[in-house]
Amino acid sequence: MDIPLHLKIRRIFNSGFNRFLAILFQTQAQTDLLNIKQIKTIALIRPNYRIGNIIFLTPLINEIYEQNPDIKIDLFIGSDSVGKILQPMQNIDTIVDISRKLLINPLQLYKFIKNARIKQYDVCINISSRSLSSQIVTLFINANYKLSFEDEKSWVPVTHRVKHRWLFSHASLQPLEVLDGFGIYDYKHKQELDIKLQQAELDKAKIDLSMLLDKNTIDKSLFTIAIFRNARFDKKLEDGWWINFISELHRLNNNIIIIDILSPDVPTKLNSSVLDYSNKDLRQLGAFLNACDLYISADTGPLHLATASGAKSIGLFNHTIIAAYGTLGEKNLNIDLNGLNEKEVASKVALKIRQEHKS
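Residues numbered from 1 in each chain as written. Predicted model: local features only at pLDDT ≥ 70, side-chain atom pairs only at ≥ 80, totals over all residues. Heavy atoms only, no water.

Trainee: Give me the lowdown on the sheet that holds strand β9 (residues 275-277), citing residues and values where you can.
Mentor: Across the sheet, which stays open at both edges, the six strands sit in the order β9-β8-β7-β10-β11-β12 with parallel pairing between neighbours. A single partner strand is all that each edge strand has here, and the edge strands are β9 and β12 (333-336). Here the average twist between neighbouring strands, direction ignored, is 25 degrees. Where strand β11 (residues 313-317) meets β12, four bridges bridge the pair, whose relative direction is parallel. Of the residues in β12, the one forming a bridge with Phe 317 is Asp 336. Sheet strands in contact with helix α9 (residues 282-291) are β7 (223-228), β8 (256-261), β9 and β10 (294-298), and its direction is about 165 degrees off that of β8. Strands in contact with helix α10 (residues 301-308) are β7, β10 and β11; relative to β11, the strand with the most contacts, it is inclined by about 155 degrees. (Pairing = 2+ DSSP bridges. Helix = DSSP H or I, 4+ residues; strand = E, 2+ residues; numbered from the N terminus. Axes fitted to C-alpha atoms, helices over the stretch in contact; angles between N-to-C directions. Contact = heavy atoms within 4.5 Å.)

Written out as C-alpha cells, the structure is:
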C-alpha cells in the first residue's frame, strides 16, 4: 500500500519512542487471572477514528457481554461520530472521544487526564499494546487492574499481560485473545462483526429503499446492489474501473439495479445508470446496506459496516491481505483483484447473484 510520507515518519517516530519508553518503564505484570464474573466496569482503549477499526471491536465487545452481561463498557476511541455506530450496543455505556491532537494540545491533555481520573474502573483493557496513543490513554485511566498484550514496544505499567497465541488471522478476531487474562479460552459469541442493529433501524431502511425505488419508478423485483467507490490510498478503484465493471455486470444480468452510496468524499453518483443514496447516520446506513440484496466495495470502512449490519457483501481486494481484512461470514465473498480485469470480476459477481437467487 502506498502510504503518505508523513504517516511513515509518524510510525517510525512512534516505534522508536515506544522502544525507548519500554526500556525506561519496564514492569513485571501479575500472573494471576482476573475473574470476569466479578467485573462490573471496563474501560476499553482504542483511540482510532477509522470506521473499520472501530467496528473490528465488536467481536470482543459481544464476547464480553456473553461472558458477563452485567459489565458496562466505556469505549475510548478517536471519534465520537464513529463511536455512535457502537453506542446502542447492549453493554456500551459511554463513548469517550480522544482528540487526535490531544498530545500537542496541553489544555486538552490536562482536561482529559482530569476527567479520566474521575471514574474508577474495575479493568482497563488496551488491545493496541504498541500504539503510543493507546498506551498514554491507558496510563491515565483510573482502574483497579490494567490488561494488555505482551509486546517489546509496550511500556505503560499494567497489572496483567497476555501473550498473543495468534489463533486468528483476521484482525477483528485477534483482540479476543486478551480474554486469556480472565482465563477465557472458549468463546460463546459467533466470531463475526455485529453492531446489533435494532428492528426499528432495519424497518426504516426497508422503507428508505422502497421509497428510493418508487421515486425512480424502478421495478422492486430487481436485484438491488449497493456499491461504495471510495477507499484509502491505492485500495481505491477508479471510476473508470467501476463503469466498466457495472457495464459488464448489466450485460450478464439485466435484472439488477445499482445504488451508488455517496459520502463527503464521494458527493456525486457515478453516472445516470445508477441510483444514489447517502445517510450521515452510520447505523442507518448499515441497515440500508442490509436491506439491499448485495453490497460491493473495496477494502474500506463501509465494507465492514455492511458485514457488521448483516448485509450480503463482496469485498474487492487489490493490496490488503484478505485473511486479515476480508469480509467475514459464509454468505459473503472476497475477490482478489490481482490478475483479474473488470469483466472477470463481473463474472464472479454474476455467479454470486445467481446463487443468491437459488437460495
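Trainee: Any details on the packing of α9 against α10? Residues and values, ideally.
Mentor: One can describe the packing of α9 onto α10 by two numbers: an axis separation of 8 Å at closest approach and a directional angle of 70 degrees. Considering their axes alone, α9 and α10 lie roughly perpendicular with respect to each other. For the pair α9 and α10, the sense of crossing is right-handed. Of the residues in α10, those touching α9 at Leu 282, Leu 285, Gly 286 and Leu 289 are Pro 302, Leu 305 and Ala 306. (Parallel < 35°, antiparallel > 145°, perpendicular 65-115°, else oblique. Left-handed = near helix turned anticlockwise from the far one by under 90°.)

Trainee: Please give an account of the packing of aromatic side chains that cites residues and values.
Mentor: Within this structure, the stated rule accounts for six aromatic pairs. The interplanar angle of 85 degrees and the centroid separation of 5.3 Å between the aromatic rings of Trp 241 and Trp 242 together place this pair among those described as edge-to-face. In this pair, the class of Trp 241 matches that of Trp 242, namely buried. Taking 3.7 Å as the distance between ring centres and 5 degrees as the angle between the ring planes, the aromatic pair formed by Tyr 277 and Phe 288 counts as stacked. Remark: Phe 288 occurs in helix α9 and Tyr 277 occurs in strand β9; sequence separation between them is 11 residues. Among the aromatic residues, those joined into a cluster by ring pairs are Trp 241, Trp 242 and Phe 245. (Phe/Tyr/Trp six-rings, centres within 6.5 Å; stacked < 30°, edge-to-face > 60°. Buried < 20%, exposed > 50% of the residue type's maximum accessible area, 1.4 Å probe, protein only.)

Trainee: Now, about the pairing of strand β1 (residues 41-46): what can you tell me, with residues and values included?
Mentor: In terms of residue burial, β1 counts as a mostly covered element, since six of its six residues are buried. Burial along β1 is two-sided: Thr 41, Ala 43 and Ile 45 and Ile 42, Leu 44 and Arg 46, pointing in opposite directions, are all buried. Pairing between β1 and strand β2 (residues 72-77): six bridges, direction parallel. Residue pairing in the sheet places Ala 43 in a bridge with Asp 74 of β2.

Trainee: How would you explain the nonpolar core if you had to name every residue and give the values?
Mentor: One finds Ile 125, Phe 182, Ile 259, Ile 261 and Phe 288 to be the most contacted residues of the largest nonpolar core, which totals 69 residues. Discounting chain neighbours no more than four positions away, the residues touching Ile 259 are Leu 209, Leu 212, Thr 224, Ile 225, Ala 226, Ile 227, Leu 275, Asp 276, Tyr 277, Phe 288 and Cys 292. Core analysis: the next-biggest nonpolar cluster, separate from the first, contains 24 residues, Ile 227, Ile 258, Leu 270 and Leu 316 among them. (Core = buried A, V, L, I, M, F, W, Y, C linked by side-chain atoms within 4.5 Å.)

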